[in-house]
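# Fold and contact review
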Amino acid sequence: MGINAFGKTSKVFLKAEDKNGKTILADVHFTAPYKIMRPFEKKDGSIEVMLMAASAGIMEGDCQEFQFQIGHGAKVEFRSQSYEKIHQMKAGSARRSTRIEVQAGGEFYFHPQPVIPFADSAFDNRTSIFLEDESAAFFMSEILSAGRSARGEMFDYRFYKNLTEIRRGEKLIYRDNTQYVPSQMPMGELGMYEGYTHMLNIFVTRPAYAEEFVKLARGVLDSQEQIEAGITKLEDGDYVIRALGYRAQSLEKISELLLQDLGKHMTK
């Protein structure tokens with residue numbers, strides 16, 4: 001792992017609750033280099049939370065733990081302040097674990113900024129999501145770039161590992177075990193990035209307006225130029241969208257348009 005520059009595990013904890021139709025942060029704490037900004041309140045009673053980091057990015061030896069608890073009826077949108085840079089590492093790596101719990105009637109929209117792995121970086125990320133029942137709504141959007149392509153760094157990182165597991169009740173409904181090791185894989189070829197530089201992955205809990213959502217999603221994907229994308233319906237009616245593109249901004253726009261529509265329907 002190397003040496004953690006902060007001397008201990010960097011932690012972020014957030015607990016949200018509903019109070020008479022308005023979401024509040026019942027508990028929040030964090031350690032260096034992270035800070036949670038004062039939440040932005042929305043007209044529908046939900047809040048937007050922004051994560052700030054007083055560092056240049058993820059460094060060798062960094063060890064991080066994120067935990068989010070979304071209570072009954074609470075509605076939270078989580079964003080990060082800037083693109084997440086995984087810096088060059090001599091021999092070690094960095095790791096992060098994230099635990100998300102959404103109780104019945106809660107809504108959590110998790111879409112941090114795109115990740116940029118620098119040359120020789122190595123990162124291991126594990127995310128566990130627990131949805132109490134069918135009424136717990138969850139939206140996740142992640143974008144991973146091939147590296148600093150403008151500097152000629154394409155898949156020059158040592159490895160990028162990302163294990164995501166989502167459970168509804170006791171049932172595992174989604175598992176994505178990403179293991180990218182560019183020195184051992186044809187990252188730019190068919191079945192991988194296929195010549196593109198950015199990959200978007202979206203998970204959406206089964207929307208009540210499923211047919212409308214699929215139609216909208218296809219329209220959004222078709223409206224963006226120079227991307228390849230597909231929609232998968234999972235066994236329990238949840239959806240996964242994966243898209244490849246040349247610009248993070250184009251993929252972010254897809255996420256934002258879908259998020260806006262989901263928000264309109266889920267808050268009715």
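In what follows, the accompanying structure is described. Starting from 1, residues in each chain are numbered consecutively following that chain's sequence as written. Note on the predicted model: pLDDT of at least 70 is required for a residue's local features to be given, and 80 or more for side-chain atom pairs to be given and counted; whole-chain, interface and lining totals, by contrast, use all residues. For the side-chain quantities, the full set of heavy atoms in the structure was used; hydrogens and water were omitted.

### Description of the overall build of the protein
Secondary structure summary: the protein contains two helices and 18 strands in total. Throughout, the radius of gyration refers to the C-alpha atoms, and the reference size of a globule is 2.2 Å times the residue count to the power 0.38. Over its C-alpha trace the protein gives a radius of gyration of 18 Å, about what one expects of a compact globule, namely 18 Å for 268 residues. Here the term buried applies to any residue with accessible area under 20% of the maximum for its type, exposed to any over 50%, and partly exposed to those in between, with areas from a 1.4 Å probe on protein chains only. Residues classed as buried in the protein amount to 51% of the 268 residues present. Across the protein, every contact between residues at least 6 apart in sequence was considered, and the portion connecting residues at least 24 apart equals 75%. As used throughout, the charge tally considers Lys and Arg to be positive and Asp and Glu to be negative, leaving His and the chain termini uncounted. Charge coordinates come from a single atom per side chain, which is NZ of Lys, CZ of Arg, CG of Asp or CD of Glu. Between the mean site of the 34 positive side-chain charges and the mean site of the 37 negative ones, the protein shows a separation of 4 Å. By definition, any uninterrupted DSSP run of H or I lasting at least four residues is a helix, any uninterrupted run of E lasting at least two residues is a strand, and each is numbered from the N terminus. Contacts: residue pairs with any heavy atoms within 4.5 Å of one another.

### Here we look at the packing of aromatic side chains
Between the rings of Phe, Tyr and Trp (Trp by its six-membered ring), a pair exists once the centres lie within 6.5 Å; its type follows the angle of the planes, with under 30 degrees stacked, over 60 edge-to-face, and the other angles tilted. Considering all chains together, one arrives at 16 aromatic pairs under this definition. With a centroid separation of 5.2 Å and an interplanar angle of 85°, the aromatic rings of tyrosine 34 and phenylalanine 66 are classed as edge-to-face. You can see tyrosine 34 sitting in strand β3 (residues 34-36) and its partner phenylalanine 66 sitting in strand β6 (residues 63-70), a full 32 residues away along the chain. Note on accessibility: tyrosine 34 and phenylalanine 66 belong to one class, buried.

### Some points on the pairing of strand β12 (residues 122-131)
At least two DSSP bridges between two strands are required for those strands to pair. One ladder, built from nine bridges, connects strand β9 (residues 94-102) with β12; its direction is parallel. Paired with threonine 98 across the strands is threonine 127, a residue of β12. In this structure, β12 lies alongside strand β14 (residues 159-168), joined through ten bridges in parallel fashion. Note that in β14 the partner of serine 128 across the bridge is glutamate 165.

### Focus on the pattern of salt bridges
When a carboxyl oxygen of Asp or Glu is within 4 Å of a side-chain nitrogen of Lys or Arg, the pair counts as a salt bridge. Here the structure, examined in full by the defined rule, presents 17 salt bridges. For glutamate 48, the salt bridge goes to arginine 79, with nearest N and O atoms at 3.4 Å. Placement of glutamate 48 in strand β5 (residues 47-53) and of arginine 79 in strand β7 (residues 75-80) is noted, with a sequence separation of 31 residues between them. By relative accessible area, which is 16% here, glutamate 48 ends up buried. For arginine 79, the salt bridge is made with glutamate 77, and the minimal N-O distance between the two is 2.7 Å. Across the pair, glutamate 77 and arginine 79 agree in class, each one buried. Among the charged side chains, a salt-bridge network with shared partners connects Lys42, Glu48, Glu77, Arg79 and Glu256.

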